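# Secondary and tertiary structure notes
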Amino acid sequence: MPNIIFSEGSGLNDSVFGKSQYPIRAIIQKSVEAFEAMSMIDKIYSMDTTKNFAEKYTSETSVGDFEDVGENGAYPKTGMQEGYSKVIEPTTWKSSFEVTQEMLEDAKYGKIKSRASIFTTSYNRTREKFAATMLAGGVGSTVTIGKKTYDTNCADGTPLFGQNHPSKTKGAKFVQSNAFKAAFATSIFDQVQEHMQDFKDDDGNLLNVAPDTIIIPNVGSLKREVFALAGSDFDPATANNALNFQAGLWNVIVWPYLPKMIGNKPYFIMMDSRFKDDYQCLPWLDRVPLSVRSDIDPNTDANVFKGRARFGAGFNNWRCVAICGEGITGTALTA
């Protein structure tokens, strides 16, 4: 997350508020930095910054395999083309809070600190909720947050999590799925992992996707099952304690901002964190960091702090993630 930008407005130099600016700024800065350490956004999205109105993310189809041409053989010519592309536009987010002259005159510093902390909590929560709602909303084409509707399709024009991702070169004749319908179980988990490891590029070449991250909502029963699978050296479901080959392979992220259920059922998301960044699969764009401006309200004499930021997110390449749950519309798996 970029640094915070502060700027003073009019009427502060000769005001009682001038001396209070730096403590309030320190509270805002510290609160945002503290939340950064707990944020899951950079662990799930491909973080990026921009100075432009929007950014276009794209990919290229792969080059064909090398060929055995024999001694002194000519170089074979293989082609590649631009794959699907996605334009992501950061949007503007605003909020404000005020400190009254009466608060300062009466030394209500606890109340001032509380308002500053609530303000920064709101900013951090907004980013986290937006990121989590977008990700879970990837089971459909759009998601509504507040009064705004956001696009959750990936570059190929289908939802991030879908059964029919088409090929740029082969069209609908070659489709792949990263949405699966089944309740969580060890055998189901193994199958989703296998499907991800079999993901191919637009030309049908194996991509060597290696999922290493499990993302789940804060559901107690699901957490117990996932941590038993990912953390136990032996299979807890068998009487003879068979070796659990999944132990130690996973980074488990419990994200409380995710909706607990999709289709009234729990779910889990599997991700390849390396592939996610290498292929800019889930871009998060920071255009303008949190910029805080302070002004004196001429009608009330209050010191008003106004916060503004521009950021956005979207989905480019679906191949870094897969989702599975009983409430998911996807390819059916059997335990």
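Numbering of residues starts from 1 in every chain and runs along the sequence as written. Local features in this predicted model are restricted to residues whose pLDDT is 70 or higher, and side-chain atom pairs enter the listing and the counts only when it is 80 or higher, whereas totals over whole chains, interfaces and linings include all residues. Side-chain descriptors were evaluated using all non-hydrogen atoms of the structure, hydrogens and water having been removed beforehand.

## A closer look at the overall build of the chain
Regarding its fold elements, the chain presents seven helices and 17 strands. Exposure classes here rest on a 1.4 Å probe applied to the protein chains alone. A residue is buried below 20% of its type maximum, exposed above 50%, and partly exposed in between. Across the 335 residues of the chain, 44% fall into the buried class. The contact definition used throughout considers only heavy atoms, calling two residues in contact when any of these lie within 4.5 Å. A fraction of 72% describes how many contacts in the chain between residues 6 or more apart in sequence connect residues 24 or more apart. Surface accessibility follows the Shrake-Rupley procedure with a 1.4 Å probe radius. Residue values consider only the protein chains on display as shielding. Surface accessibility of the chain: about 17200 Å² in total, with carbon and sulfur atoms responsible for 50%. Here a helix means four or more residues in a row that DSSP labels H or I, a strand means two or more in a row labelled E, and each is numbered from the N terminus.

## Some remarks on the side chain of asparagine 317
Considering the arrangement of structural elements, one finds asparagine 317 in the loop between strand 15 (303–313) and strand 16 (321–325). Under this definition, polar contacts are N or O atom pairs within 3.5 Å; protein pairs additionally need one hydrogen-donor-capable and one acceptor-capable atom, and for neighbouring residues in sequence, both atoms have to be side-chain atoms. A polar side-chain atom of asparagine 317 sits 3.0 Å from the main-chain amide nitrogen of arginine 319. Sequence-distant contacts of asparagine 317, that is, excluding residues within four places in its chain, are made with Phe275, Tyr279, Cys281 and Leu282.

## Remarks on the layout of surface pockets
Cavity: a set of points on a 1 Å grid over the protein atoms alone where a 1.4 Å probe fits but cannot get out. Pocket: an open set with protein on both sides within 12 Å along at least five of seven lines, its lining residues, like those of a cavity, having an atom within 4 Å of a point. Grid points are joined across faces, edges and corners, and a volume is the space filled by probe spheres set on the points. The computed volume of the second largest pocket comes to approximately 210 Å³. In this structure, the second largest pocket is lined by 14 residues; those nearest its centre are Ile88, Glu89, Tyr150, Asp151 and Ala313. Listed by contribution, the elements that provide at least two residues to the lining of the second largest pocket are strand 4 (82–88), helix 4 (109–136), strand 7 (148–151) and strand 15. Basically, the charged four are Asp, Glu, Lys and Arg, the nonpolar ten are Ala, Val, Leu, Ile, Met, Phe, Trp, Tyr, Cys and Pro, and anything else, Gly included, counts as polar. In terms of residue class, the lining of the second largest pocket is built from seven nonpolar, four polar and three charged.

## Let's talk about unusual backbone geometry
One non-glycine residue with positive phi stands out, namely asparagine 72, at about 60 degrees. Tracing the sequence through the fold places asparagine 72 in the loop between strand 3 (55–60) and strand 4. Judged by relative accessible area, which is 79%, asparagine 72 ranks as exposed. At asparagine 264, a position not held by glycine, the phi torsion is positive, near 65 degrees. For asparagine 264, the position within the fold is in the loop between strand 12 (251–254) and strand 13 (267–271). What makes asparagine 264 exposed here is its relative accessible area of 72%.

## Comments concerning the state of the cysteines
Cysteine sulfurs are considered disulfide-paired once they come within 2.5 Å of each other. One pass over the structure, following the stated rule, counts zero disulfides. Between cysteine 154, a free cysteine, and cysteine 281, which holds the nearest cysteine sulfur, the sulfur-to-sulfur gap is 9.7 Å. You can see cysteine 281 has no disulfide; the closest cysteine sulfur is in cysteine 320, sitting 3.8 Å from it. Residue cysteine 281 is classed as buried on the basis of its relative accessible area of 0%.

## Things to note about the packing of aromatic side chains
Classification of ring pairs uses Phe, Tyr and Trp, with its six-membered ring standing for Trp, and accepts pairs whose centres are within 6.5 Å; under 30 degrees between planes counts as stacked, over 60 as edge-to-face, and the remaining range as tilted. Applying the stated criterion to the full structure yields 17 aromatic pairs. Here phenylalanine 189 and tryptophan 250 contribute two aromatic rings whose centre-to-centre distance is 5.0 Å and whose plane-to-plane angle is 75 degrees, an arrangement assigned as edge-to-face. Of the two residues, phenylalanine 189 sits in helix 5 (residues 186–197) while tryptophan 250 sits in the loop between helix 6 (220–231) and strand 12, which places them 61 residues apart along the sequence. The exposure class assigned to tryptophan 250 is buried, which follows from its relative accessible area of 11%. Aromatic rings pair up to connect Tyr45, Trp93, Phe130, Tyr150, Trp284, Phe311 and Phe315 into one cluster. We count a charge as sitting over a ring when the NZ of a lysine or the CZ of an arginine lies within 6 Å of the ring centre and within 35 degrees of the ring normal. The ring of phenylalanine 311 has arginine 127 sitting right over it, with the charged end atom 5.1 Å from the ring centre. In this structure, lysine 170 packs its charged tip against the face of phenylalanine 174, placed 5.2 Å from the ring centre.

Keep in mind that these numbers describe shape and distance, not what the molecule does.
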